[in-house]
Amino acid sequence: MASWTPRELVERLLREILTSRVYDVARETPLETATGLSSRVGAPVLLKREDLQPVFSFKLRGAYNKIAQLEPERRARGVVCASAGNHAQGVAYAARALDVPALVVMPRTTPEIKVRAVRRLGAEIMLVGDDYASAQQHAEQVGAERALELVHPFDDLFVVAGQGTVADELRRQCHGPPGAVFVPVGGGGLLAGVAAYLKTLMPSVRVIGVEPAESDAMYQSLAAGHRVTLDHVGLFADGTAVTRVGELAFTVATSHVDEIVRVSNDEICAAIKDVFDDTRSVVEPAGALAVAGLKRWMATHEGGERPLVAILSGANMNFDRLRFVAERAELGEAREAVFGVTIPERPGAFRAFCAAVGARVVTEFNYRFRGGADAHIFVGVGISSRADASALQARLEAEGYPVVDLSDDEMAKLHVRHLVGGRAAGVSQERPCRFEFPERPGALLEFLDKLGGRWNISLFHYRNHGADFGRVLAAFEVPDDELPRFDEFLAGLGYAYELQTKNPAYEMFLG
């Protein structure tokens, strides 16, 4: 890849954006007012509807621009890409429009709905590996063997320029410069294209990238002054689950991006609901990132007359994931808090506690008798804000109830709320651990086989969330003298894991 200074790269990108060929297949998507969201954040909010592209994602722009720019003899040999979703569909759609053979390498964990979508577009499909890195490596290998042109999802000049046409539309659709444009960030192709264009032609506009807190490769790279590679990324917003950002994107971001905002999964779920409330459309987690970042940014900034723009980057949502989104949206919106509360184990204690909660909506109440003087309850309560949750906690504590706020405890929200049943009799030296494993047919059995029978499994909770990776809470009875071997066992499993021995929800309800 050519070595560019930021200025040289931005100048070249601007030329390529202005001469791109995306509109042979892509639509000029509308810029719509989000009335409800505008009212809530205290500033005019506009949504750039890239979820309305023919493949329900902006990725079509870059894929088509890249393939259309190829010399005829190179194009005739065909193209190859690696992707688990939107880029795959963009390449397949563009290749069909240009009558170019296309090979798409997808991880075996790719949901069948996405595989079928790519196959319907006429692309050849290979399912390889359990993650994007494995698929990308295979795509590069097969591409070299067959002399196919690799269409990279974000680290390619023509791909980035194609994505940058979103900014060209924004400039024409806005009546004057917006105050800020919020851009979802994975590998950084969309961010680079938008930033290069807007900062050149509308320099007063703030360009703000948005990343999931658990997949923040751009944020960490800018902080370090060089591209970093993350050891592990969260997969909820799978469209932005990238361990290393592109070289082109990083070069542009160092000089043309104002800041990066990081958001939680709960905030993303709340943003999906916000978009639905204003548009009656359901975007995917990565597609709602910009809205989540806009809301977080506005929590610490004043609104103004200039509108704020959020790019809705895609809507390829698996239906099965809506259950998880609905569970988390109220938490992300600070409309619900979950607490672990200790109350006396005596008749009338429940009623007294509910009276202390007052005239609030109780969204969840879990309890099981376990004996002793105290009882632990897992309770969800409707709130109006984070400050309201803190005030409720303080009032309960003032009335003598020990309270632990579990609203940000991932283990509590994913697992413990479904397991509140008291401690198991006879279990000793229990070691709880959270795991992630590739979600594909037979994956749960394979995971259990790897756990083996060396230590007794004293607790197990798994729930399919319609995502690429499954999440499990498992506990093992491990004597102290076997802990070194247990640690070696965990490290050798090959799955992402995190010990939860000191987790407050576990200690209160299960430990």
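Residues numbered from 1 in each chain as written. Predicted model: local features only at pLDDT ≥ 70, side-chain atom pairs only at ≥ 80, totals over all residues. Heavy atoms only, no water.

## Concerning the nonpolar core
- Formed by 46 residues in total, the largest nonpolar core has its most connected members in Val181, Leu198 and Met218.
- Listing elements by their share of this core, those giving two or more residues are helix 1 (6-18), helix 8 (157-173), strand 7 (180-184), helix 9 (189-201), helix 10 (217-224), helix 11 (247-256) and strand 10 (308-312).
- Broken down by element, the residue count for this core peaks at eight residues, all from helix 9.
- If sequence neighbours within four positions are ignored, Leu198 has contacts with Ala167, Val181, Pro203, Val205 and Val207.
- Counting 36 residues, the second-largest nonpolar core is a separate cluster that includes Leu47, Ala237, Val283 and Ala310. (Core = buried A, V, L, I, M, F, W, Y, C linked by side-chain atoms within 4.5 Å. Buried < 20%, exposed > 50% of the residue type's maximum accessible area, 1.4 Å probe, protein only. Helix = DSSP H or I, 4+ residues; strand = E, 2+ residues; numbered from the N terminus. Contact = heavy atoms within 4.5 Å.)

## Thoughts on helix 15 (residues 349-357)
- Among the residues making up helix 15, those that are buried are Ala349, Phe353, Ala356 and Val357. The arc enclosing the buried residues of helix 15, seen along the axis, measures out at 105 degrees, which places them on a common side. Those residues of helix 15 that are exposed and angled more than 90 degrees off the buried face are Arg351 and Ala355.
- Buried residues belonging to helix 15 abut strand 11 (336-344), strand 12 (362-366), strand 13 (374-382) and helix 16 (386-398).
- Gly358, located one to two residues past helix 15, shows a positive phi value of around 85 degrees. (Arc of directions from axis to C-beta.)

## Details of the packing of aromatic side chains
- A full pass over the atoms with the stated rule returns eleven aromatic pairs.
- With a centroid separation of 5.2 Å and 55 degrees between ring planes, the pair formed by Phe236 and Phe324 is classed as tilted. You can see Phe236 sitting in the loop between helix 10 and helix 11 and its partner Phe324 sitting in helix 14 (residues 322-332), a full 88 residues away along the chain.
- Between Phe476 and Phe489, the aromatic rings sit 6.3 Å apart at their centres with planes inclined by 80 degrees, giving edge-to-face as the arrangement. You can see Phe476 sitting in strand 17 (residues 469-477) and its partner Phe489 sitting in helix 19 (residues 483-493), a full 13 residues away along the chain.
- A relative accessible area of 1% places Phe476 in the buried class. (Phe/Tyr/Trp six-rings, centres within 6.5 Å; stacked < 30°, edge-to-face > 60°.)

## Digging into the environment of Asn265
- One can find Asn265 in helix 12 (residues 265-279).
- A residue is classified by how much of its surface remains accessible, and Asn265, at 11% relative accessible area, is buried.
- Excluding residues within four positions of it along the chain, Asn265 makes contact with Glu214 and Phe236.

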